[in-house]
Amino acid sequence: MERTARASASVAQVHWARLSDGREVAIKIQKPEIEKQIWWDLFAFKTVTKVYTWWFDLPLYAMVPFITERLQLETDFENEAKNSERMRDLINNEPGLRGRVYVPPVYPELSSKRVLTTEWIEGVRLWDKDALTGPWIGGYGKGSAGVHGAQLNPPDMNSIRRELRENPNSQSLKPERMEWKGPRGKGGLGLSTRDVMTTMVDLFSAQIFKWGVVHCDPHPGNIFIRRLPNGYPELVLIDHGLYVYMSEKFRREYGEFWKSLMTFDNKRIAEITAEWGIKAADLFASATLLRPYEGGSGEFKNQMLSQLDAKKTASERHYEMQKRMKQGVRDVLADEDKWPKELIFIGRNMRIVQGNNQYLGSPVNRVKMMGEWASRSLFEDPNRSWRERAGHMYRHMLFKGVLFLSDVAFYFFKMRQWLGRGGGMEDEVEARMRTVAKEFGVELQHDVFEG
Ligand SMILES: Nc1ncnc2c1ncn2[C@@H]1O[C@H](COP(=O)(O)OP(=O)(O)O)[C@@H](O)[C@H]1O
Ligand SMILES: [Mg+2]
């Protein structure tokens, strides 16, 4: 085992090690003071939320127990192992994802509440765009190291033992495997960012709409990319500490909600949001799409705009908007008992995946892909009667027609991007979201989701 950690994050550090049978593993070890530290962090969080709830009369405190519980579970690696194995099974039983997505197996006999041992992953990080797209010089029909969980190049254990005998503190245990970079370091995996993002959006849509088991920390540090022998990417997902398990009922409602957003089915949107104890359907619809929802009555926006009375001073207007905005939050969180707390973390997942897509230059139409998954999951749901499924199938067909229009918009933005006249659709969407939010007197602070 290497003495120096290969990675050190907030709760743990990760070491490379080799088992006596030659397998390479990652050992994630929780730092000793974490449990206490988390307790203080959560205490501070609770206090601040309580003050906010009381001072601004916003029903935020209702979220606290759920959030606290999720965050506390992150320090229990037995829980992480359980989530990880569950995700591995779900993926391996999903014909559309098996072989495209990989979750490293956990070695339970070498794990505990504070130590997690998994297969070591070789791969390129999502943020290394050059390495993802640089030319592949690893040979035709060959994939990158460790792809599909293949044994990494067999170790010469004798030479390792000799090295360790002579130099017990040796740090040169792990083979670096940088051959694919080529002699001048210009080589890469030769992948298309579009294929990478397609795999990613497929994966997280399946989690949300099909399985109801959602990894809520999909930031680039938790995603490795490798090259399959056929030239397509393999996505490796790690860090399964923060999960949300959706109830069957909520998962279906959520799928219908998404589909309704895309078909402007305002009646169904109103029904579902009412079921969730949400009064401000329009505002919530925009928060879900991460872009202004234009199918609704626009009531909220009109109320906001009516505050733009020319006779008022800037600070009066600002005050009015703040007041409306707070009322908006109150209306979204109208009924704390009905409000599905899972939405907080699902929103987080979607915002991070949007960020990943943006980072790679918006190569895919994420909103459309998610809508399609939502619709397909409804008619493929084996727990429903054939009648219900047939109805959903018919609507799925109609829906595909509507999605075609969304594609037209997507390629319009792509074309503009090519001509150097603006960003891709995700950039456009975010810019518009910011503008609308500003009209409402709010500066969006998306950076808080990073890390
Ligand atoms: N199986 C693995 N193979 C290779 N590196 C890993 C593996 N697991 C974790 N790491 C490295 O350790 C880092 C932190 O691990 P992670 O599970 O994400 O912990 P945290 O919850 O602290 O973010 C990762 O970003 C990655 O660089
Ligand atoms: Mg991590």
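Quick look at the structure, then. Keep in mind it's a predicted model, so treat the numbers as computed, not measured. (Residues numbered from 1 in each chain as written. Chains lettered and ligands numbered in written order. Predicted model: local features only at pLDDT ≥ 70, side-chain atom pairs only at ≥ 80, totals over all residues. Heavy atoms only, no water.)

Re the sheet that holds strand E5 (residues 115-119)
Here we have four strands laid out as an open sheet, ordered E1-E2-E3-E5, and antiparallel in their pairing. Each edge of the open sheet carries a strand with a single partner, namely strand E1 (7-8) and E5. Pairing between strand E3 (residues 24-30) and E5: five bridges, direction antiparallel. Across the sheet, Ala 26 pairs through a bridge with Thr 118, a residue of E5. (Pairing = 2+ DSSP bridges. Helix = DSSP H or I, 4+ residues; strand = E, 2+ residues; numbered from the N terminus.)

Observations regarding the coordination of the magnesium ion (ligand 2)
For the magnesium ion (ligand 2), every protein donor is listed as Asn 222 (OD1) and Asp 239 (OD), and the spread of their distances is 2.2 Å. Taken together, the residues Asn 222 in the loop between strand E7 (213-215) and strand E8 (223-227) and Asp 239 in the loop between strand E9 (233-237) and strand E10 (243-245) connect sequence positions 17 residues apart. (Donors = N, O, S within 2.8 Å, 3.2 Å for Na, K, Ca; no water.)

Concerning helix H8 (residues 266-275)
Listing the buried residues of H8 in full gives Ile 269, Ile 272 and Thr 273. Each buried residue of H8 sits inside an arc of 95° when the element is viewed along its axis, so together they form one side. Two residues or fewer past H8, Gly 277 is found with a positive phi of approximately 70°. (Buried < 20%, exposed > 50% of the residue type's maximum accessible area, 1.4 Å probe, protein only. Arc of directions from axis to C-beta.)

Looking at the site of ligand 1
As a matter of local geometry, ligand 1 sits amid 15 residues, with Ala 9, Lys 28, Glu 119, Ile 121 and Asp 239 nearest to it. One nitrogen or oxygen atom from the side chain of Lys 28 is found 2.9 Å from an oxygen atom belonging to ligand 1. Relative to its free-state accessible area of 540 Å², ligand 1 is covered by the protein chains to the extent of 87%. For the shell around ligand 1, a count of residues per class yields eight nonpolar, three polar and four charged. (Near = heavy atom within 4 Å. Polar contact = N/O pair within 3.5 Å; in protein donor to acceptor, adjacent residues only side chain to side chain. Areas by Shrake-Rupley, 256 points an atom, 1.4 Å probe, with all protein chains shown as cover. Nonpolar A, V, L, I, M, F, W, Y, C, P; charged D, E, K, R; others polar.)

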